[in-house]
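# Structural features, examined
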Amino acid sequence: QELSRLKQIWSDTQPELLLQVLAQSLELFFSLVVRQAGLHHLEVKHRLAKKDIRPLLDDPSAEAEAEMVLIRWINVAVTKARGHCEELLEDMSKEENQDALILVARQEEIQNLDADLSDCVALSALYAMIKAEREQKGFSVKDLIALSEVDLELRSVQLCYCLLEISPSERAKCLLVPHEIGQGETEKLQLFLAAVFAMHPMLQDLPVAMNNLQAMELQKVLYDVLDKMEDFAGSANKDALEDPTPLLHGGEETQALATISVEQILLRWVNAQLALDSATHSRPVENFGSDLQDGVALAKLLTVIAPEACVGEFSENREERLEQIIVVAGRCSDYELLTVNAVVEGQSDMLACFLAQLMLVRPNLAAQPDSLLSMHLQSLEEVCSEGLMNLTYPNPSTTMKICLQLEECWTKFKLAAQAVQDSTKCIAGIKERVHAFLGETLSHRARGQPKTMLDAKESREFLFYTSLNPERLTAMNKELILDKLMVDKVEDILRRHFRLLREIFKHYSSSKSGGTNGVDLKGLLKLFQECKLRSKEFAPFHLETIFNNHLEDKSRGDDRSLAPHEFIEVLILCAFTKFRQAASSLSEQMLLLIDLHLKPNACNDAESMFQKMAYSSPVRQVLDQHQKELFYIFQLYAFLDMSTTEAMQKENTMNITEFQMLLEDCGFLDLTLTEVAVQQIFQGIQQNATADDGAEEAVDVEGVDDDEEMSFSEFLDGLVAVAAYKFPDPFTPLSSRINTFLLQLFASIRKHWSRKRGAPRVDMMLNALQKKMR
């Protein structure tokens with residue numbers, strides 16, 4: 001009865017079937033982990049584990065050589081293709097490309113990998129057989145399209161286009177050089193073929209009747225061949241799992257890469273690649289313009305990430321080096337972006353696009369041997385390798401053994417798998433952003449609006465101006481409601497206006513102790529006034545309150561000022577205070593502040609404001625009324641400095657000494673208008689004066705470009721500045737103040753020179769002034 005019960009349980013549970021399902025599940029599990037971790041050599045070995053390697057070896061017990069295996073592999077393909085072609089030639093009327101069929105049908109087995117491949121016939125046969133196997137279809141004469149070209153050079157080019165379809169990696173594509181194949185120089189081609197072999201060995205399954213012991217012996221031989229092929233192919237193999245840690249700076253976590261700009265990521269990537277070449281020292285690349293213009297950094301970068309595409313060393317001559325860079329760059333990418341002009345002219349947007357293109361196709365971020373990710377990959381490889389090997393020919397004992405071993409190391413295995421997943425996700429996010437950046441930048445260029453690139457210094461400051469601390473903001477104003485969505489919207493606005501905000505901060509900041517810059521209350525009030533922020537809802541005392549509350553934890557000294565991130569927080573609070581009635585959300589309030597006040601008004605320095613006032617229509621009208629008398633005064637005083645020969649020779653311009661003499665003779669110099677103030681006015685107006693057509697018609701324009709002398713138009717600007725200085729009454733129009741000042745100047749000049757008649761210039765001036773003052 002007990003035996004009957006056990007038989008029933010055995011029948012119901014079917015443990016053999018369960019073990020079979022368990023083995024299949026483990027095999028699938030390990031295969032997925034291997035694929036996710038980029039352990040391509042394990043994936044290939046498992047996929048080919050039950051294939052028969054004997055047709056490619058003379059003696060399975062002897063050590064195999066990579067080149068001989070490749071020759072046998074090509075010959076197997078040629079033999080199969082020859083048979084197909086002979087069959088098709090029996091009915092030649094049905095085939096169009098009969099010449100190609102004849103060439104393959106007459107192709108003998110190759111004896112080497114150079115001269116015997118130069119006519120492209122054997123390689124075309126190999127490609128046709130690989131494509132037939134990959135697509136699981138019959139042999140097609142269309143796949144011999146390269147042989148339709150009679151010219152050997154054109155045939156080589158066409159063959160390379162075909163072989164690109166079966167390339168196992170982006171790196172491998174660079175190994176296809178048409179003219180080298182045609183000339184029998186196949187060193188690079190051999191590496192390509194070795195990499196293709198692992199993907200498409202075209203081996204038959206082992207005989208079903210073969211016992212497991214014999215099969216496992218042949219499996220070891222196969223694995224040995226695959227290892228040698230992998231070593232022989234080198235960089236042409238499939239790209240390994242990419243590690244984002246070389247892009248991190250000290251103390252950063254991988255999450256930080258999601259917040260920094262694409263420009264900064266590209267610069268970090270370039271410098272990480274340059275650092276791999278320890279043989280030569282190079283300064284870091286900090287921008288996409290001047291640091292790349294000589295081509296040295298680009299040449300070194302291409303040498304590191306694409307050595308197989310480089311032909312020897314790059315030239316020391318700049319022009320030759322740039323030409324070489326363009327050639328290598330064309331071989332490393334799917335489409336050509338870089339030109340010599342783009343490099344020479346420092347076109348930062350095109351150089352950034354080229355680097356983005358390189359990073360996408362040649363990331364070269366495989367985990368370094370001493371990295372944490374490499375340690376995790378090693379752990380996964382050990383477990384998966386043993387598991388897949390034992391599951392090739394499973395039995396109950398090995399299946400249970402695998403389960404027990406996996407249970408023992410599960411915590412470590414799970415941690416390693418999570419690290420791989422995190423790295424994969426991070427790299428995928430970076431590539432997605434780089435793709436978007438590439439498309440956006442190229443579209444800007446297509447519209448004739450080249451995008452400005454962030455340099456390294458700007459990138460380092462980027463986070464200071466574009467990252468918010470919601471807890472800090474809400475603590476300073478309880479009415480603020482900041483959820484994650486709103487924070488993201490505001491940060492997006494800050495990122496779009498990064499350069500504007502950075503310029504505003506620098507313009508209104510002052511030096512602090514320690515050499516750093518910050519915006520103090522004086523600078524903030526200046527911003528408030530120049531940007532016309534005053535309103536019923538936002539008065540100066542509101543701004544003072546925000547400033548003081550923001551710095552309540554700092555010492556109350558003269559150096560109390562805002563750092564960049566604090567300045568941004570103050571602007572956000574200002575936007576909220578001023579526009580809380582006009583807009584419902586903080587993002588809209590911030591946009592109003594930027595668009596209505598900061599963009600049109602910020603950073604309007606004293607020079608531009610003076611120009612606006614001095615050249616307004618009312619002021620110009622006053623100056624035109626007195627132009628004749630002013631010109632006589634200018635002529636007289638421009639002649640007075642006899643201190644040096646050079647000064648005596650410049651009779652049509654006025655230097656600082658002569659300008660001060662005029663003001664002193666008029667009695668205008670006092671405690672307000674000091675000699676120092678006059679010097680500041682003199683220096684300030686020199687770079688701003690522009691010729692006035694009406695004023696310059698009757699005078700020589702000498703002195704306009706003289707940094708030590710004033711022309712007549714600059715003299716007029718100087719008088720306007722002095723008038724504003726002497727009569728600072730804000731309630732009287734500037735034109736009226738200038739008219740009053742000029743009349744006083746005429747009276748003082750007339751009085752001073754009335755007893756010094758005799759000189760023609762003095763008499764001419766006094767006569768003009770006498771008529772004016774009647």
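Conventions and cut-offs
Residues numbered from 1 in each chain as written. Predicted model: local features only at pLDDT ≥ 70, side-chain atom pairs only at ≥ 80, totals over all residues. Heavy atoms only, no water. Helix = DSSP H or I, 4+ residues; strand = E, 2+ residues; numbered from the N terminus. Rg over C-alpha atoms; globule rule 2.2 N^0.38 Å. Buried < 20%, exposed > 50% of the residue type's maximum accessible area, 1.4 Å probe, protein only. Contact = heavy atoms within 4.5 Å. Areas by Shrake-Rupley, 256 points an atom, 1.4 Å probe, with all protein chains shown as cover. Lys, Arg positive; Asp, Glu negative; His and termini not counted. Charge placed at Lys NZ, Arg CZ, Asp CG, Glu CD. Salt bridge = Lys/Arg side-chain N within 4 Å of Asp/Glu carboxyl O. Phe/Tyr/Trp six-rings, centres within 6.5 Å; stacked < 30°, edge-to-face > 60°. Lys NZ or Arg CZ within 6 Å of the ring centre and 35° of its normal. Polar contact = N/O pair within 3.5 Å; in protein donor to acceptor, adjacent residues only side chain to side chain. Patch = residues over 30% accessible without salt bridge, like charges linked within 9 Å, V, L, I, M, F, W, Y side chains within 5 Å. Core = buried A, V, L, I, M, F, W, Y, C linked by side-chain atoms within 4.5 Å. Axes fitted to C-alpha atoms, helices over the stretch in contact; angles between N-to-C directions. Parallel < 35°, antiparallel > 145°, perpendicular 65-115°, else oblique. Left-handed = near helix turned anticlockwise from the far one by under 90°. Nonpolar A, V, L, I, M, F, W, Y, C, P; charged D, E, K, R; others polar. Disulfide = S-S within 2.5 Å. pLDDT = per-residue confidence, 0-100. Expected span 1.5 Å × (residues − 1). Arc of directions from axis to C-beta.

## Comments concerning the overall build of the chain
The secondary structure content of the chain amounts to 37 helices and two strands. The C-alpha atoms of the chain give 41 Å as radius of gyration, which overshoots the globular expectation for 774 residues (28 Å, by more than 25%). Taken along its principal axes, the extent of the C-alpha atoms in the chain is 135 × 75 × 50 Å. Going through the 774 residues of the chain one by one, you find that 47% of them count as buried. Long-range pairs, those at least 24 residues apart, make up 67% of the contacts in the chain with a sequence separation of at least 6. Working note: accessible area of the chain is about 39600 Å², and carbon and sulfur atoms make up 52% of it. Taken together, the 78 basic and 118 acidic charged side chains of the chain have centroids lying 8 Å from each other.

## Concerning the side chain of glutamate 658
Considering the arrangement of structural elements, one finds glutamate 658 in helix 32 (residues 656-665). For the buried glutamate 658, no salt bridge is present, and the opposite-charge side chain at shortest range is arginine 761, 8.7 Å distant. Here glutamate 658 is in contact with Tyr637, Ala638, Phe639, Leu640, Asp641 and Thr653, once residues within four sequence places are set aside.

## Things to note about the packing of aromatic side chains
What the rule picks out here adds up to 15 aromatic pairs. Their ring planes at 55 degrees and their centres at 5.6 Å tell us that phenylalanine 29 and phenylalanine 30 sit as a pair that is tilted. By relative accessible area, phenylalanine 30 is classed as buried at 1%. An aromatic cluster is present here, built from Phe29, Phe30, Trp410 and Phe413 joined pairwise through their rings. It is lysine 578 that lies over the ring of phenylalanine 579; its NZ or CZ is 5.6 Å from the centre. Sitting over the face of the ring of tryptophan 753, lysine 756 holds its NZ or CZ atom 5.3 Å from the ring centroid.

## A word on the environment of lysine 142
Positionally, lysine 142 belongs in the loop between helix 6 (121-134) and helix 7 (152-163). Considering only alpha carbons, one finds lysine 142 and leucine 274, 132 residues apart in sequence, at a separation of 45 Å.

## A short note on unusual backbone geometry
In this structure, methionine 202 takes a positive phi of about 55 degrees despite not being glycine. Mapping methionine 202 onto the fold places it in the loop between helix 10 (187-199) and helix 11 (212-233). For methionine 202, a relative accessible area of 8% translates into the label buried. In this structure, lysine 532 takes a positive phi of about 55 degrees despite not being glycine. Note on lysine 532: relative accessible area 56%, which makes it exposed.

## Structural notes on the side chain of glutamine 347
The topology assignment puts glutamine 347 in the loop between helix 15 (340-344) and helix 16 (348-361). Looking at glutamine 347, its side chain comes within polar contact range of the side chain of arginine 445, at 3.5 Å. Once residues lying within four places of it in the same chain are set aside, the contact partners of glutamine 347 are Asn341, Ala342 and Arg445.

## Side note on the pattern of salt bridges
The full count for this structure, using the stated rule, is 27 salt bridges. With a closest N to O distance of 2.9 Å, lysine 228 and glutamate 63 form a salt bridge. Here lysine 228 is found in helix 11, whereas its partner glutamate 63 is found in the loop between helix 3 (40-47) and helix 4 (66-89), with 165 residues between them in sequence. Taking relative accessible area as the criterion, glutamate 63 reaches 69% and is therefore assigned exposed. The salt bridge partner of arginine 472 is glutamate 569, with a shortest N-O separation of 2.7 Å. With arginine 472 in helix 21 (residues 470-476) and glutamate 569 in helix 26 (residues 564-579), this pair connects stretches of sequence that are 97 residues apart. One salt-bridge network, held together by shared partners, links Lys131, Arg134, Glu135, Lys137, Asp143 and Glu165.

## Section: a positive patch on the surface
Positive charge collects at one region of the surface, where Lys628, Arg750, Lys771 and Arg774 lie side by side. With respect to the secondary-structure elements, lysine 771 resides in helix 37 (residues 760-772). In this structure lysine 771 comes out as exposed when scored by relative accessible area, which is 58%.

## Section: the nonpolar core
Of all hydrophobic cores here, the largest spans 67 residues; its most connected members are Trp73, Ile74, Leu117, Leu144, Phe192, Leu193 and Phe197. Where this core is concerned, the elements lending two or more residues are helix 4, helix 5 (98-105), helix 6, helix 7, helix 10 and helix 11. For this core, the element with the highest residue contribution is helix 4, accounting for eleven residues. The contacts of leucine 193, once residues within four sequence positions are left out, are Leu70, Trp73, Ile74, Leu117, Leu123 and Leu126.

## A closer look at the packing of helix 16 against helix 19 (residues 410-446)
Between helix 16 and helix 19, the shortest axis-to-axis distance is 10 Å and the interhelical angle comes to 150 degrees. Relative to helix 19, the element helix 16 lies roughly antiparallel. Between helix 16 and helix 19 lies a crossing whose hand is left-handed. Two secondary-structure elements touch here, helix 16 through Asp349, Met350, Ala352, Cys353, Ala356, Met359 and Leu360 and helix 19 through Ile430, Lys431, Val434, His435, Phe437, Leu438, Thr441, Leu442 and Arg445. Classifying every residue of the contact of helix 16 with helix 19 by side-chain character gives eleven nonpolar, two polar and three charged.

## Examining the environment of valine 150
Relative to the elements of secondary structure, valine 150 occurs in the loop between helix 6 and helix 7. What makes valine 150 exposed here is its relative accessible area of 75%. Sequence spacing of valine 150 and alanine 100 is 50 residues, and the spatial spacing of their C-alpha atoms is 9.9 Å.

## Thoughts on the state of the cysteines
Inspection of every chain in the model, using the stated rule, returns zero disulfides. Unpaired in this structure, cysteine 332 has its nearest cysteine sulfur neighbour in cysteine 174, at a distance of 4.2 Å. Exposure remark for cysteine 332: the relative accessible area of 4% places this residue in the buried category. Distance from the sulfur of cysteine 531, which forms no disulfide, to the nearest cysteine sulfur (cysteine 603) is 7.6 Å. For cysteine 531, a relative accessible area of 0% corresponds to the buried category.

## Some words on the confidence of the model for the chain
Summarising the model, the chain shows a mean pLDDT of 84, and 91% of its residues fall at 70 or more. Least confident of the elements in the chain is helix 34 (residues 693-696), whose mean pLDDT is 35; most confident is helix 6, at 93. Here residues 688-707 is a poorly scored stretch, pLDDT under 50, and it has 39 contacts once near neighbours within four places are set aside; other chains count.

## Some details on a nonpolar patch on the surface
A cluster of nonpolar side chains, contributed by Val157, Tyr161 and Leu164, occupies part of the molecular surface with about 260 Å² of accessible area. Tracing the backbone through its elements, the reader meets valine 157 in helix 7. Its relative accessible area of 31% is what places valine 157 among the partly exposed residues.

## Description of helix 22 (residues 484-496)
With 13 residues, helix 22 extends 18 Å between its outermost C-alpha atoms, agreeing within 8% with the 18 Å of an ideal straight helix rising 1.5 Å per residue. All of the buried residues in helix 22 are Met486, Val487, Val490, Glu491, Ile493 and Leu494. Projected down its long axis, helix 22 shows its buried positions confined to an angular sector of 155 degrees, all on one face. Facing away from the buried surface of helix 22 by more than 90 degrees, the exposed residues are Lys484, Leu485 and Arg496.

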